[in-house]
Amino acid sequence: MESLNSPDLVLHNGRIATLDSKYPEASSLAVKDGRIIGVDDTKEYQLGPDTKVIDLKGSRVIPGLNDSHLHVIRGGLNYNMELRWDGVPSLADALRMLKEQAQRTPPGQWVRVVGGWMEFQFAERRMPTLEEVNTAAPETPVFILHLYCRALLNKAALRACGYTKDTPNPPGGEIVRDGQGNPTGLLIARPNATILYATLAKGPKLPPEHQMNSTRHFMRELNRLGLTSIIDAGGGSQNYPEDYAVIQELHKRGEMALRIAYNLFTQKPKQEKEDFARWIKMTGPGKGDDFFRCNGAGEMLVFSAADFEDFLEPRPDLPAALEGELKEVVSLLAANKWPFRLHATYEESITRFLNVFEEVNRSTPFKGLNWFFDHCETVSDRNLERIKALGGGIAIQHRMAYQGEYFMDRYGKKAAERTPPIRKMLEMGIPVGAGTDATRVASYNPWVSLYWMVTGKTVGGVSMYPDKNRLTRNEALRLYTQGSSWFSSESGKKGAIAAGQLADFVALTDDYFSVPDEQIKGIESVLTVVGGKIVYAKDEFATHAPPAIPVLPEWSPVKVFGGYGAPLDIRKAARAGVPVQHRHSAECHQHGCHHALQQLFTTAKAARNRYADFFGSGCDCFAF
């Protein structure tokens, strides 16, 4: 072959799970112009002077992971401002991180812990108290979001927000008060989470250049965990096109390390149809390229259809206006051939949504739309049949890994056994894609989601699902690759390592197919390739890593702690000018470090009764 036709990249000596049924295992692959041109035939190619050759050294390689529901565009704007408790093994560590970050954060800025964690991941198996938060950060405003349920604010944050005894409770939310009527710092969604997000929005934003830096760091963090594609589900306060300017500029600059298909999320209650009518004139499904493209409408289509998934609160009864408002919007989308997605937690809501969809479908057929529901934790077999008949799909997420304990406490263990009924969906031939719904209600780590599908366990280790509703590792991986590709209308284009498909693949720290179940959560990438370009590399492949990106602003939590699992060590913290003590982490276990864990259990035991009535229950049963 002539040099002109030589591969750009050749990888060999690997254990490649192709997910191609015609050729499931391979040891080498070749890439040209962003696509895979050959699998296990690299000896047939003449290498050119610019061909990069990488010895995989026996590493397990899989197709790039694809999260079918992630709020990456909004999350990227804020990532560098957020202190992540995702994957942190103890509350003591989390509070120490909070204290250190408060000391580094300049006046006028906040410390934000915005979702992705739950108390049962901690060795102490409890929430932080307001007293602990105020002690850790007496002067710097602190906002801590816990799922879609509540937020903890220290006294400085209450002052920054202007919350006083005269501040009224918003509809569907509560500002918890002490005996004198003063806000304590605890905000509760009952069950409307608007109070949480409206409070978060009061904090300062990053300037545009820092938002671009933040988004690049978030993409690299997702690359670290093996993600190469995501479908963005929109979000509140994510207006199109204004709040898409940063991601569009990064795309224009060629700095996308992740493929993004985005959905448009309505922003104005009672004006949803106007939102979509305007956007239909501005863009359309498929507009863009393989790195950044419009995917359709949702996950919010009308505000009256928002069935909040706060399992600490009763299921919300949706208003009577739902059907009429939803019909208007769905009719508009179907008539303009716009695929759509809709947030749907409860069976009762899904029944009403499907009544509308079936009515619209009779006049404007859905065929070819690739419409789908998100979540579907309590969907019935009958409604699965109706979804199948309408040609719909279901994007599932590991929200129950973070809220399973709450669900079982309210509805019982039996009801939790099929939340959602993934096995039944697959048996019926319904398209299913996997994801996280990060960054707030759950962590963006796909390996936690894969662990949940395979083991049926929550992050806290509680077993929820019987064998019949758990997946094999191969099945779960397929949902995170080929399965998700259906939801962006890209089936056959990505999701497998096969000739002609996009060159998106990942070499892993451990073999996903053989490690013990509990180790699945700890898998990362050592080499992530998107479109034939190496976007992340470490360990034995570190020489292939792209240039480092400076962290902006200088005080960013990401500079010291990184993202999921706080992976950065104390030496990096010291180089950033932060005096810290030894921090207990998951890695410590591997080196025989047990002193911190012993300290945690001693502290937790002593504190058991002290925090028993933190949520006003008067007992210590909150931790189940």
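For clarity, every value in this text was computed on a predicted model and none was experimentally measured.

Asker: Whenever I open this one, the overall build of the chain confuses me. Can you help?
Answerer: Each helix and strand in the chain was counted, giving 20 helices and 23 strands. For 624 residues, the compact-globule formula gives about 25 Å, and the C-alpha radius of gyration of the chain, at 24 Å, lands near that figure. Taken along its principal axes, the extent of the C-alpha atoms in the chain is 80 × 65 × 50 Å. Taking all 624 residues of the chain together, 60% fall into the buried category. Side chains of the chain give 73 positive and 73 negative charges; the mean places of these two sets differ by 1 Å.

Asker: Help me understand the sheet that holds strand β22 (residues 525–530), please; the structure alone is not making it clear to me.
Answerer: Strands in a sheet are paired, the pairing made by backbone hydrogen bonds, and the direction either parallel or antiparallel. Read from one edge to the other, the open sheet built from six strands follows the order β3-β2-β7-β21-β22-β23, with strand pairing classed as mixed. Because the sheet does not close on itself, it has two edges, and the strands there are β3 (25–26) and β23 (533–537). Strand direction decides the pairing type here: strand β7 (residues 60–63) and strand β21 (residues 505–508), joined by three bridges, are antiparallel. Its bridge partner being in β21, Pro63 is matched across the sheet by Phe505.

Asker: Teacher, can you tell me more about the packing of aromatic side chains here?
Answerer: Given two aromatic rings, their pairing is described by the distance between the two centres and the angle made by the two planes. Evaluation of the coordinates by the stated rule reveals 29 aromatic pairs. Note on Trp85 and Phe122: the rings are 6.2 Å apart at their centroids and 75° apart in plane angle, and the pair reads as edge-to-face. In this pair, Trp85 is assigned in the loop between α1 (72–78) and α2 (91–104) and Phe122 in the loop between β9 (111–114) and α3 (130–136), connecting sequence segments 37 residues apart. By relative accessible area, which is 0% here, Trp85 ends up buried. Centroid distance Phe366 to Trp371: 6.1 Å. Interplanar angle 65°. Geometry classified as edge-to-face. The exposure class of Phe366 is buried, given its relative accessible area of 1%. Here a set of aromatic residues connected by ring pairs shows up, and it is made of Phe340, Phe353, Phe357, Phe366, Trp371 and Phe373. Over the aromatic face of Phe291 sits the side chain of Arg259, whose NZ or CZ is 4.4 Å from the ring centroid.

Asker: Which parts of the structure should I look at to understand the nonpolar core?
Answerer: Side chains of nonpolar character tend, in soluble globular proteins, to be buried together. Judged by nonpolar contacts, the single largest core of 114 residues is most densely connected at Phe357, Phe373 and Met453. Among all residues touching Phe357, those that are not within four sequence positions of it are Leu326, Val330, Phe340, Leu342, Phe366, Trp371, Phe373 and Leu390. The next biggest cluster of nonpolar side chains, apart from the first, holds 27 residues, and it includes Ala136, Leu186, Phe561 and Ala566.

Asker: It is not clear to me how the sheet that holds strand β18 (residues 372–375) should be interpreted in this structure. Could you clarify?
Answerer: Spatially, β17-β18-β19-β20 is the arrangement adopted by the four strands of the open sheet, whose pairing is parallel. In the strand order of this sheet, the two ends are held by β17 (341–344) and β20 (432–435), each with one partner. Mean inter-strand twist for the sheet, computed between neighbouring axes without regard to direction, equals 25°. Relative to β20, strand β19 (residues 393–397) runs parallel, the two being bridged by four bridges. By the bridge assignment for β20, Ile396 is matched with Ala434. Sitting on the sheet, helix α10 (residues 347–363) is in contact with β17 and β18, with an inclination near 155° to β17.

Asker: It is not clear to me how helix α6 (residues 208–224) should be interpreted in this structure. Could you clarify?
Answerer: At 3.6 residues per turn, the α-helix brings residues three or four places apart onto the same side. Under the 1.5 Å per step criterion, the end-to-end length of α6 is 24 Å for 17 residues, consistent within 8% with the ideal 24 Å. Just beyond α6, the residue with positive phi is Gly226, at close to 95°.

Asker: Looking at this model, I keep getting lost on the pattern of salt bridges. Mind explaining?
Answerer: When charged atoms on two side chains of opposite charge get close, those side chains can pair. Inspection of every chain in the model, using the stated rule, returns 41 salt bridges. Taking the shortest distance from any N to any O, the salt bridge between Glu132 and Arg126 comes out at 2.8 Å. For Glu132, a relative accessible area of 15% corresponds to the buried category. Put simply, Arg253 and Glu209 hold a salt bridge, and the shortest N to O gap is 3.3 Å. Highlighted residues: Arg253 in helix α7 (residues 245–253) and Glu209 in helix α6, separated in sequence by 44 residues. Exposure remark for Arg253: the relative accessible area of 39% places this residue in the partly exposed category. You can call Glu209 partly exposed: its relative accessible area is 46%.

Asker: Would you take a moment to explain the environment of Leu568 for this structure?
Answerer: Considering the arrangement of structural elements, one finds Leu568 in the loop between α17 (557–561) and α18 (570–575). Note: C-alpha distance between Leu568 and Leu332 (236 residues apart in sequence) is 49 Å.

Asker: How should I be thinking about the packing of helix α8 (residues 272–282) against helix α9 (residues 322–335) in this particular structure?
Answerer: For any two helices packed against each other, one specifies the inter-axial angle together with the distance between the axes. Where α8 contacts α9, the axes come no closer than 9 Å and their chain directions differ by 15°. Classified by the angle their axes make, α8 and α9 are roughly parallel. For the pair α8 and α9, the sense of crossing is right-handed. The residues of α9 that touch α8, namely those facing Glu272, Lys273, Phe276, Ala277 and Ile280, are Glu328, Val329, Leu332 and Leu333. Looking at the contact of α8 with α9, its residues break down into six nonpolar, no polar and three charged.

Asker: Explain the side chain of Arg224 here, please?
Answerer: Its location among the elements puts Arg224 in helix α6. Those residues in contact with Arg224, other than ones at most four positions away along the chain, are Glu524, Ser525, Tyr536, Gly563, Tyr564 and Pro567.

Asker: Looking at this structure, how should I read the pairing of β7?
Answerer: Two faces, one strand: in a regular strand the side chains alternate between the faces of the sheet. The pairing of strand β2 (residues 15–17) with β7 spans two bridges and is classified as parallel. Bridge pairing in β7 places Arg15 opposite Arg60.

Asker: Looking at this structure, how should I read the packing of α9 against α10?
Answerer: At a closest axis distance of 9 Å, the pairing of α9 and α10 adopts a crossing angle of 45°. The angle between the axes of α9 and α10 places the two elements in the oblique class. The interaxial crossing formed by α9 with α10 has right-handed handedness. Of the residues in α10, those in contact with Leu322, Glu323, Leu326, Lys327, Val330, Ser331 and Ala334 of α9 are Arg352, Phe353, Val356, Phe357, Glu359 and Val360.

Asker: Mind showing me how you'd approach unusual backbone geometry here?
Answerer: Glycine aside, negative phi is the norm for most residues, and most peptide bonds take the trans geometry. The omega torsion of the bond from Arg190 to Pro191 falls at -10°, within 30 degrees of zero and hence cis. Tracing the chain through its elements places Pro191 in the loop between β13 (183–189) and α5 (194–200). A cis amide bond links Leu552 to the next residue, Pro553, at an omega of 0°. Unlike most non-glycine residues, His375 shows phi in positive territory, near 90°. Note on placement: His375 falls in strand β18. The phi torsion at Ala566 lies on the positive side, around 45°, for a residue other than glycine. Here Ala566 is to be found in the loop between α17 and α18.

Asker: Could you clarify how one ought to interpret the pairing of β23 in this entry?
Answerer: Counting buried residues along β23, four of its five residues qualify, which places the element largely inside the surrounding structure. In this sheet, β23 lies alongside β22 in antiparallel orientation, the contact comprising four bridges. What sits directly across from Val529, in β23, is Ile534. Hairpin connection, β22 to β23: the antiparallel pair is bridged by two residues, and Gly531 has positive phi, about 60°.

Cut-offs applied
Residues numbered from 1 in each chain as written. Predicted model: local features only at pLDDT ≥ 70, side-chain atom pairs only at ≥ 80, totals over all residues. Heavy atoms only, no water. Helix = DSSP H or I, 4+ residues; strand = E, 2+ residues; numbered from the N terminus. Rg over C-alpha atoms; globule rule 2.2 N^0.38 Å. Buried < 20%, exposed > 50% of the residue type's maximum accessible area, 1.4 Å probe, protein only. Lys, Arg positive; Asp, Glu negative; His and termini not counted. Charge placed at Lys NZ, Arg CZ, Asp CG, Glu CD. Pairing = 2+ DSSP bridges. Phe/Tyr/Trp six-rings, centres within 6.5 Å; stacked < 30°, edge-to-face > 60°. Lys NZ or Arg CZ within 6 Å of the ring centre and 35° of its normal. Core = buried A, V, L, I, M, F, W, Y, C linked by side-chain atoms within 4.5 Å. Contact = heavy atoms within 4.5 Å. Axes fitted to C-alpha atoms, helices over the stretch in contact; angles between N-to-C directions. Expected span 1.5 Å × (residues − 1). Salt bridge = Lys/Arg side-chain N within 4 Å of Asp/Glu carboxyl O. Parallel < 35°, antiparallel > 145°, perpendicular 65-115°, else oblique. Left-handed = near helix turned anticlockwise from the far one by under 90°. Nonpolar A, V, L, I, M, F, W, Y, C, P; charged D, E, K, R; others polar.

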